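Fold and geometry: a report
Listed here are the chains, written in short residue letters.
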Amino acid sequence: MSADEAALKACHERINLSVAASHQAENGSLTTVSSKKSEEAAYAFLPPIESTDAHLHEFAEAMRTVAKALRQVAEGKAAAQAEAAEWKRKYESEKAVKAHMQHSVIKGCSNCVKDKLEHLASKLTLETSSADETGCCGNHGICSRQILQDQCPGPNRKSDDRIIGRKVPFRLSWGSNGDKNGQHKHDFVSFEKGDITTAERSNKQIFLKWDSPPQTVLFVTKPNSNSVHALCSEMVRWLKEHNNINIFVEPRVSKELLIEDSYFNFIQTWDNDQEMKTLHTKVDLIVTLGGDGTVLWAASLFKGPVPPVVAFSLGSLGFMTPFPSEQYRECLGNVLKRPFTITLRSRLQCHVIRDAAKDEVETGEPILVLNEVTIDRGMSSYLTYLECYCDSSFVTCVQGDGLILSTTSGSTAYSLAAGGSMVHPQVPGILFTPICPHSLSFRPLILPEYVTLRVQVPFNSRGQAWASFDGKGRIQLGPGDALICSVSPWPVPTACLVDSTTDFLRSIHEGLHWNLRKSQALDGPA
């Protein structure tokens, strides 16, 4: 045997050992068939070898490269298998825990066991972050996410500040008369840091139940009324002495009460707009004393989440003020201690876009309205000329005195006077009502609540337009300017005296004398 042949035979042996070792690292065992196949595959990709030392050296280097690549593949596969095994172990562990909890519920099947499990679930919800926003609680109640227990933030906070920094948690549930029936929907009302926001509507009444008695109440009162001022001071005394409630009032009311009597030193208020923006983190309940205008003013104090509102009727019509002021002790006692029905009144959020701003909004914060946005011709003698779009679809051109974009709560206000329909406040939608249109076929519309409306003054308009928000804050719109409106995610939850439908029907019967006529005579043909 020559020297070249001996070197070639030794190289063959090294190739066999490298291929076999790589397969053993990948599969955990060495088989003759896999070794032969790998060897044949390696030879298939190599050029013909001549019996020279240079070729043998090049061939050996190539085979070492192949063996190195096979080892890297085997190591990667082993790491992936280890990671998969770890995930499988975690999954089996969580599955076992869930199966044990379900077995305990089925085995116990008692109110006591259910209450303990609900308490455990609520503790787990508070201790974990809200990573799973769509996970179901398993009950027919509306799920709670997190309860805010932090103190009021702010750089101007003083050490002797008496502002309460805790919010009382509450639950919202489905059903009639408090019964938890009906299908559970998670995204209807999401509970986050003690604030209410809506994603879609329900066809059932909504009940609010406190987890613990409320601690802080905000009073919003009608100004320049002696009877309202007297009732406010009486209610503040009663809440403090009989229920130990912390009281917030407006700065104007705080000065009036302190001038009246030094007894009211315990009341709290805010000094600037920055403190007012954090009211929703401190206030559990809002009490309004006045008419619907007072409710509108109370809602305007909150640019984001709004605490539940208990509105006492001290005005004229009272579509949103169902509670009689003479029975305030009984009414407030029921609201503070028992579940009560609420109406989620949607609001519109509006932005003004100037033509010179190149599609940038004029104000950083949206303008929120509870009743309606009105676009009219102001002092101009020309008809208002407006182009209206719904999302990306063209709706119509408005030629007349103006246009009203109303919430369903505002359907009994200016929209009704302009010929719009009366709509139940819980119906999800936006009312599109023209004001004195110069067209016999221009009838009002009701659009779904998820759309975005754009009302623009075209460049060929003869005059300008004016936009007002809940009857105040007028803004001039010139050619090329536009108003963007959509439903705000933060509704105004108002407490009901009976329920949402009963209160609505009572308001249109008593406030508007709807369909009131004399009864038909009974003396007719036999």
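Conventions and cut-offs
For every chain, the first residue of the written sequence is number 1, and numbering continues from 1 onward in sequence order. Reporting of local features is limited, given that this is a predicted model, to residues whose pLDDT is at least 70; pairs of side-chain atoms are given and counted only at 80 or more, and all residues count toward the totals for whole chains, interfaces and linings. Only hydrogens and water are set aside; all other atoms, that is, all heavy atoms of the structure, feed into the side-chain values. Each pair of aromatic rings taken from Phe, Tyr and Trp, with Trp reduced to its six-membered ring, is defined by centres within 6.5 Å and is described as stacked if the planes are under 30 degrees apart, edge-to-face if over 60, and tilted in the remaining cases. Secondary structure elements are defined from DSSP: runs of H or I of at least 4 residues count as helices, runs of E of at least 2 residues count as strands, and each element is numbered from the N terminus. Classification of residues uses two cut-offs on accessible area relative to the type maximum, computed with a 1.4 Å probe and protein chains only: under 20% is buried, over 50% is exposed, and between them is partly exposed. Polar contact criterion, stated in full: a pair of N or O atoms within 3.5 Å, where within protein one must be able to donate a hydrogen and the other to accept it, and residues adjacent in sequence count only if both atoms are side-chain atoms. Definition of nonpolar core: a set of buried residues of the types Ala, Val, Leu, Ile, Met, Phe, Trp, Tyr and Cys, connected through side-chain atoms within 4.5 Å. Note on contacts: a residue pair qualifies if any of its non-hydrogen atoms lie within 4.5 Å across the two residues. Being paired, for any two strands, means DSSP has found at least two bridges between them. By definition, a salt bridge exists where a carboxyl oxygen of Asp or Glu is found within 4 Å of a side-chain nitrogen of Lys or Arg.

Under an unreviewed UniProt entry, the protein chain has the name NAD(+) kinase and belongs to Hordeum vulgare subsp. vulgare.

**Comments concerning the packing of aromatic side chains**
By the definition in use, this model includes seven aromatic pairs. Ring geometry for Trp210 and Phe340: centres 6.4 Å apart, planes at 45°, overall tilted. Separated by 130 residues along the polypeptide, Trp210 in strand 6 (residues 206-210) and Phe340 in strand 12 (residues 340-345) bring together distant segments of the chain. The exposure classification of Trp210 matches that of Phe340, with both residues buried. Note on Phe264 and Phe266: the rings are 6.4 Å apart at their centroids and 45° apart in plane angle, and the pair reads as tilted. Pair check on accessibility: Phe264 and Phe266 agree, each one buried. One aromatic cluster is present, built from ring pairs that chain together Tyr263, Phe264 and Phe266.

**Considerations on helix 8 (residues 292-300)**
A large share of helix 8 lies buried, amounting to seven of its nine residues. The complete set of buried residues in helix 8 reads Asp292, Thr294, Val295, Leu296, Ala298, Ala299 and Ser300.

**Here's the deal with the side chain of Thr281**
In this fold, Thr281 is placed in the loop between helix 7 (273-277) and strand 9 (285-290). Residue class for Thr281 comes out buried when judged on its relative accessible area of 14%. Here Thr278 takes part through its backbone oxygen, which lies 2.5 Å from a polar atom of the side chain of Thr281.

**Here we look at the nonpolar core**
Counting 37 residues, the largest nonpolar core has Phe219, Met235, Leu239, Ile247, Leu289, Phe312 and Leu332 as the members making the most contacts within it. The contacts of Phe312, once residues within four sequence positions are left out, are Met235, Val287, Thr288, Leu289, Gly290, Thr321, Phe323, Pro324, Ser325, Tyr328, Cys331 and Leu332. In this structure, Leu386, Ile430, Ile475 and Leu477 belong to the second largest nonpolar core, which totals 28 residues.

**So, the pairing of strand 24 (residues 492-495)**
Judged by which residues are buried, strand 24 turns out to be covered on both faces: Val492 and Thr494 on one side and Pro493 and Ala495 on the other are all buried. Looking at chain direction, strand 12 and strand 24 are connected through four bridges and run antiparallel. In the sheet register, Ile342 faces strand 24, and the bridge partner there is Ala495.

**Observations concerning the environment of Asp499**
The residue Asp499 is located in the loop between strand 24 and helix 11 (500-512) in this model. Residues Asp499 and Thr343, spaced 156 residues apart in sequence, show a C-alpha to C-alpha distance of 8.1 Å. Not counting residues up to four positions away in its chain, the partners in contact with Asp499 are Gln205 and Thr341. Of note is the side chain of Asp499, whose polar atom sits 3.1 Å from the backbone nitrogen of Thr501. Polar side-chain contacts of Asp499 include one of 2.8 Å to the backbone nitrogen of Thr502.

**Notes on the pattern of salt bridges**
Taken as a whole, this structure holds eight salt bridges when the rule is applied. Between Arg354 and Asp481 there is a salt bridge, with its nearest N and O atoms 2.9 Å apart. Taken as a pair, Arg354 in the loop between strand 13 (348-353) and strand 14 (367-369) and Asp481 in the loop between strand 22 (472-477) and strand 23 (482-487) lie far apart in primary sequence, 127 residues in all. Arg354 sits in the partly exposed class, given a relative accessible area of 21%. Between Arg474 and Asp376 there is a salt bridge whose closest N-O contact spans 3.2 Å. Linking Arg474 in strand 22 with Asp376 in strand 15 (residues 372-376), this pair joins segments that are 98 residues apart in sequence. For Arg474, a relative accessible area of 43% puts it in the partly exposed group. Via salt bridges that share partners, Glu250, Arg252 and Glu256 belong to a single interconnected network.

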